[in-house]
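An overview of the molecular structure
Below are the chains, spelled out letter by letter.
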Amino acid sequence: MKSLNRWGSVAAAALAALSLAACGSSDGGDSAQAETANVDIGKDVEAVVDTPKTMKEGVLTVCASFGNPPNAYYTTDHVETGSETDIARVLGPLMGLKTEFHETKFASLIPTLQATQCDVIMSSLYIKPEREEIVDFVPYMQSGQAVVVSQDNPKEIAGFDDSLCGTKIGYQVSTTAEEYVKKQKETCSEGGKGAIDTVKVEDGTMGMQQVQTGQIDAFVDTQSAAVYTVGKTNGQMQVVGKPFGLIDIGAAVKKDNSQLQDALSDAFDELVKSGQYEEILKQYDSADMALEEEE
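The present account deals with the structure reproduced in this document. (Residues numbered from 1 in each chain as written. Predicted model: local features only at pLDDT ≥ 70, side-chain atom pairs only at ≥ 80, totals over all residues. Heavy atoms only, no water.)

**With respect to the pattern of salt bridges**
Pairing of side chains with opposite charge becomes possible as their charged atoms draw close. What counts is decided by this rule: Salt bridge, as used here, is a side-chain nitrogen of Lys or Arg placed within 4 Å of a carboxyl oxygen of Asp or Glu. For the exposure calls, accessible area comes from a 1.4 Å probe over protein chains only, and a residue counts as buried if that area is under 20% of its type's maximum, exposed if over 50%, partly exposed in between.
If you walk through the whole model with that rule in mind, you get ten salt bridges. With a shortest N-O distance of 3.8 Å, Glu-80 and Arg-89 are connected by a salt bridge. With a closest N to O distance of 3.8 Å, Glu-100 and Lys-98 form a salt bridge. According to the relative accessible area criterion, Glu-100 is partly exposed, its value standing at 33%.

So, in structure tokens, the structure goes:
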């Protein structure tokens, strides 16, 4: 796979996207729902990458957590949808495989892969050194973190900074957001600026709902989820401050499955060349999350 990097000035683009989403209009729909899912997106795709010999029964089983709009979530009819979901639906057929999904809680993604209950993880899994020790990655998107508060924001939270001291913050368990929140909690306590009360949730949708109902003061989630959800709340919530912790997202495979890793890498290159990669991300207002081939 050729080296990839972020489009343009990612920090500036991400901030612009967040600002636009926070100020934009909305249809008032439920952030965890979509009208339709693009389930046919991979059906007419011709296989252009050799099917890995390690694959069986012609199926690429993808582990994913479907509580993370717009990357991976369910429609009102409980059909898998989202930017990562659509990418996975195309990558399988490009390798001569049918894509199927195995719903898994985020905290159980890697153990489920290691137990051979799926072939690959495509679920906003950040590429980190500690994860690279136990799985191999194929990068396909990038993301960051953001802070979501209610529109009236009574605690006057300004972003991911000391304005969070003395507040109640939510985050999804076993995510990068949890690591950031714990560090900020220590900073506030050590500085005597007021303790942070934390709330763990199983998925981002639940956390966003708690912000809306006033159960928590803020929720830290991925940049894409924050932008998407705020745009669906008809002005009831907003993103505050700048995005932070920008990092690459990758498809994770077991260490002993280099054939699948190479095939996924080649398939992703083909996806980018075809133009479908850009189209998929734009459909979910996630163009700022794209990786681009270096010249």
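**Remarks on helix H5 (residues 176-190)**
Side chains that are three or four residues apart share a direction in an α-helix, a result of its 3.6 residues per turn. Selection criterion: Helix and strand assignments follow DSSP, with helices taken as H or I runs no shorter than four residues and strands as E runs no shorter than two, numbered in order from the N terminus. To estimate how far a helix should reach, multiply one less than its number of residues by 1.5 Å. In what follows, a contact means two residues having at least one pair of non-hydrogen atoms within 4.5 Å.
End to end, H5 covers 22 Å across 15 residues, agreeing with the expected 21 Å (1.5 Å per residue, within 8%). Of all the residues in H5, the buried ones are Thr-176, Ala-177, Glu-178, Val-181, Gln-184 and Cys-188. The secondary structure elements touched by the buried residues of H5 are strand E8 (135-150), strand E9 (168-172), strand E10 (197-201) and strand E11 (218-222). A positive phi of about 65 degrees marks Gly-192, the residue just after H5.

**Brief notes about the packing of helix H2 (residues 83-94) against helix H9 (residues 276-283)**
For clarity, the cut-off: Under this scheme, a helix contributes an axis fitted over its contacting stretch, all axes are lines through C-alpha atoms, and angles between N-to-C directions fall in the 0 to 180 degree range. Here is the rule for angles: anything less than 35 degrees is roughly parallel, anything more than 145 is roughly antiparallel, 65 through 115 is roughly perpendicular, and the remaining ranges are oblique. In a left-handed crossing the near helix is turned counterclockwise from the far helix by less than a right angle, and in a right-handed crossing that turn is clockwise. For this scheme, ten residues count as nonpolar: Ala, Val, Leu, Ile, Met, Phe, Trp, Tyr, Cys and Pro. Four count as charged, namely Asp, Glu, Lys and Arg, and the remainder, Gly too, count as polar.
As a packed pair, H2 and H9 sit with axes 9 Å apart at the nearest point and diverge in direction by 155 degrees. The angle between H2 and H9 falls in the class roughly antiparallel. Relative to H9, H2 is oriented so that their crossing is right-handed. Between H2 and H9, the contacting residues are Ser-83, Asp-86, Ile-87 and Val-90 on the first element and Gln-276, Tyr-277, Ile-280, Leu-281 and Gln-283 on the second. When the residues that make up the contact of H2 with H9 are grouped by side-chain class, the tally is five nonpolar, three polar and one charged.

**What about the packing of aromatic side chains?**
Our working definition: Pairing of aromatic side chains requires ring centres within 6.5 Å, counting the rings of Phe and Tyr and the six-membered ring of Trp. Pairs whose planes differ by under 30 degrees are stacked, by over 60 edge-to-face, and all others tilted.
Considering all chains together, one arrives at seven aromatic pairs under this definition. Judged by centre distance (6.0 Å) and plane angle (80 degrees), the rings of Phe-160 and Tyr-180 are edge-to-face. Residue Phe-160 is located in the loop between E8 and E9, and its partner Tyr-180 is located in helix H5; the two are separated by 20 residues in the primary sequence. Accessibility expressed as a relative area gives 22% for Phe-160, which makes it partly exposed.

**Observations regarding the sheet that holds strand E3 (residues 67-68)**
Rules: Pairing between strands is defined by DSSP: at least two bridges between the two strands are required.
Strand order in the open sheet made by the three strands is E3-E4-E5, with antiparallel pairing throughout. With partners counted over all chains shown, the strands left at the sheet margins are E3 and strand E5 (80-81), one partner each. Sheet analysis places E3 next to strand E4 (residues 72-74), joined by two bridges and oriented antiparallel. Bridged to Asn-68 within E4 is Ala-72.

**Regarding a negative patch on the surface**
Stated precisely, the cut-off is as follows: Each patch groups residues whose relative accessible area exceeds 30% and which form no salt bridge, using 9 Å between like charges and 5 Å between nonpolar side chains of Val, Leu, Ile, Met, Phe, Trp and Tyr. All accessible-area figures derive from a Shrake-Rupley calculation using a 1.4 Å probe, and residue coverage is judged against the displayed protein chains alone. By the counting rule applied here, Lys and Arg register as positive and Asp and Glu as negative, while His and the ends of each chain are not counted. In plain terms, the charge of a residue is placed at NZ if it is Lys, CZ if Arg, CG if Asp and CD if Glu.
On the surface, Asp-50, Asp-262, Asp-266 and Glu-270 cluster together to form a negatively charged patch. Mapping Asp-50 onto the fold places it in the loop between helix H1 (10-23) and strand E2 (59-64). Residue class for Asp-50 comes out exposed when judged on its relative accessible area of 68%.

**Considering the side chain of Thr-176**
Our working rule: Under this definition, polar contacts are N or O atom pairs within 3.5 Å; protein pairs additionally need one hydrogen-donor-capable and one acceptor-capable atom, and for neighbouring residues in sequence, both atoms have to be side-chain atoms.
Structurally, Thr-176 can be placed in helix H5. In terms of polar contacts, Thr-176 uses its side chain to reach the side chain of Lys-128, at 2.7 Å. The residues touching Thr-176, leaving out its near neighbours within four places in the chain, are Tyr-126, Lys-128 and Gln-145.

**Some words on the state of the cysteines**
Let me state the cut-off plainly: Put simply, a disulfide is two cysteine sulfurs that come within 2.5 Å.
Summed over the entire model, instances satisfying the criterion amount to two disulfides. The disulfide partner of Cys-63 is Cys-118, and the gap between their sulfur atoms is 2.2 Å. With the S-S dihedral at roughly -110 degrees, the linkage between Cys-63 and Cys-118 falls on the left-handed side. Here Cys-63, found in strand E2, pairs with Cys-118, found in the loop between helix H3 (109-114) and strand E7 (120-121); they are 55 residues apart in sequence, far enough to count as distant. By relative accessible area, Cys-63 is classed as buried at 0%. In this structure Cys-118 comes out as buried when scored by relative accessible area, which is 4%. What pairs with Cys-165 in a disulfide is Cys-188, and their sulfur atoms sit 2.0 Å apart.

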